[in-house]
Amino acid sequence: MLTVRRALPEDAIDLAKRLREADLREIQAVGSKSPEDSLLLGVRSPDGCYVAVDETDIPHIIFGTYPSHEHFLGYVWMMASDALKEHWVQVLRETRPWIERIRGHYRVLANAVHAENTTHIRWLRWAGFTFLREFTFNGNRFYEFAKLIPPEAR
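One structure accompanies this document, and this report is about it. (Residues numbered from 1 in each chain as written. Predicted model: local features only at pLDDT ≥ 70, side-chain atom pairs only at ≥ 80, totals over all residues. Heavy atoms only, no water.)

Let's shift gears to the nonpolar core. Formed by 23 residues in total, the largest nonpolar core has its most connected members in Ile 61, Phe 63, Leu 109 and Phe 129. Of all elements in the fold, only strand S2 (49-53), strand S3 (59-67), strand S4 (73-80), helix H4 (88-102), strand S5 (108-114) and helix H5 (118-126) reach the threshold of two or more residues within this core. Broken down by element, the residue count for this core peaks at four residues, all from H4. Beyond its immediate chain neighbours, meaning those up to four positions away, Ile 61 contacts Leu 2, Leu 15, Tyr 50, Val 51, Ala 52, Met 78, Met 79, Ala 80, Leu 84 and Val 91. Grouped together as the second largest cluster of nonpolar side chains are 15 residues, Ala 7, Ile 27, Cys 49 and Ile 62 included. (Core = buried A, V, L, I, M, F, W, Y, C linked by side-chain atoms within 4.5 Å. Buried < 20%, exposed > 50% of the residue type's maximum accessible area, 1.4 Å probe, protein only. Helix = DSSP H or I, 4+ residues; strand = E, 2+ residues; numbered from the N terminus. Contact = heavy atoms within 4.5 Å.)

Structure below.
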């Protein structure tokens, strides 16, 4: 069983060493300097960041939002260790409540996912995100996705 708490810089540093191969490829594809730098950027988001840890406080999933230059749009993101496979049912059960919690004031949550990150693509579809277009960046294929937050939910 995983529990979720606010992420700390040391969580990002620890998890960066154990990321799933698909998440590492995605970080490399966007041209990030390192997995640590990428995760630390998320931890330092003004929106805050969360981490799912096991009973020994080892981080396995890190997620959150990062503000865009547009006030209404938040970039949603998640990275994980291979433990994601073991905790898949819990992740699915808790996805929608956590999306509600992290969406904050945003009217739209969006981002892009590496086209080869099939686990995250399936999860995003299940969570109600819409895939908008495919594009190439740094020679890699990505899918842009978004979720409109209904006015009554804001």
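After presenting the structure, the write-up continues.
The next thing to look at is the pairing of S5. Most of S5 is tucked away: five of the seven residues are buried. The sheet contact formed by S4 and S5 spans three bridges and is parallel. When the bridges of S5 are listed, Leu 73 appears paired with Val 108. Once you follow S4 into H4 and on to S5, the crossover reads as right-handed. Sheet topology places S5 next to strand S7 (residues 140-148); seven bridges connect them, and they run antiparallel. Counted as the bridge partner of Val 113 is Tyr 143 from S7. (Pairing = 2+ DSSP bridges. Right-handed = clockwise from strand over helix to strand, strands pointing away.)

Okay, the pattern of salt bridges next. One pass over the structure, following the stated rule, counts nine salt bridges. Note that Asp 23 is salt-bridged to Arg 20, the shortest N-O span being 3.0 Å. Where Glu 144 meets Arg 133, a salt bridge forms, and the shortest distance between an N and an O atom there is 2.8 Å. In this pair, Glu 144 sits in strand S7 while Arg 133 sits in strand S6 (residues 130-137), placing the two residues 11 residues apart along the sequence. Judged by its relative accessible area of 26%, Glu 144 is partly exposed. Salt bridges sharing partners connect three or more residues here, namely Arg 5, Asp 11 and Asp 57. (Salt bridge = Lys/Arg side-chain N within 4 Å of Asp/Glu carboxyl O.)

In this structure, Asp 57 takes a positive phi of about 70° despite not being glycine. Relative to the helices and strands, Asp 57 is located in the loop between S2 and S3. Phi at Asn 138 takes a positive value of approximately 55°, unusual for a residue other than glycine. Relative to the helices and strands, Asn 138 is located in the loop between S6 and S7.

Glancing now at the packing of aromatic side chains. Scanning the entire structure with this criterion turns up eight aromatic pairs. We note Arg 125 situated over the ring of Phe 131; from NZ or CZ to the ring centre the distance is 4.8 Å. In this structure, Lys 147 packs its charged tip against the face of Phe 129, placed 5.6 Å from the ring centre. (Phe/Tyr/Trp six-rings, centres within 6.5 Å; stacked < 30°, edge-to-face > 60°. Lys NZ or Arg CZ within 6 Å of the ring centre and 35° of its normal.)

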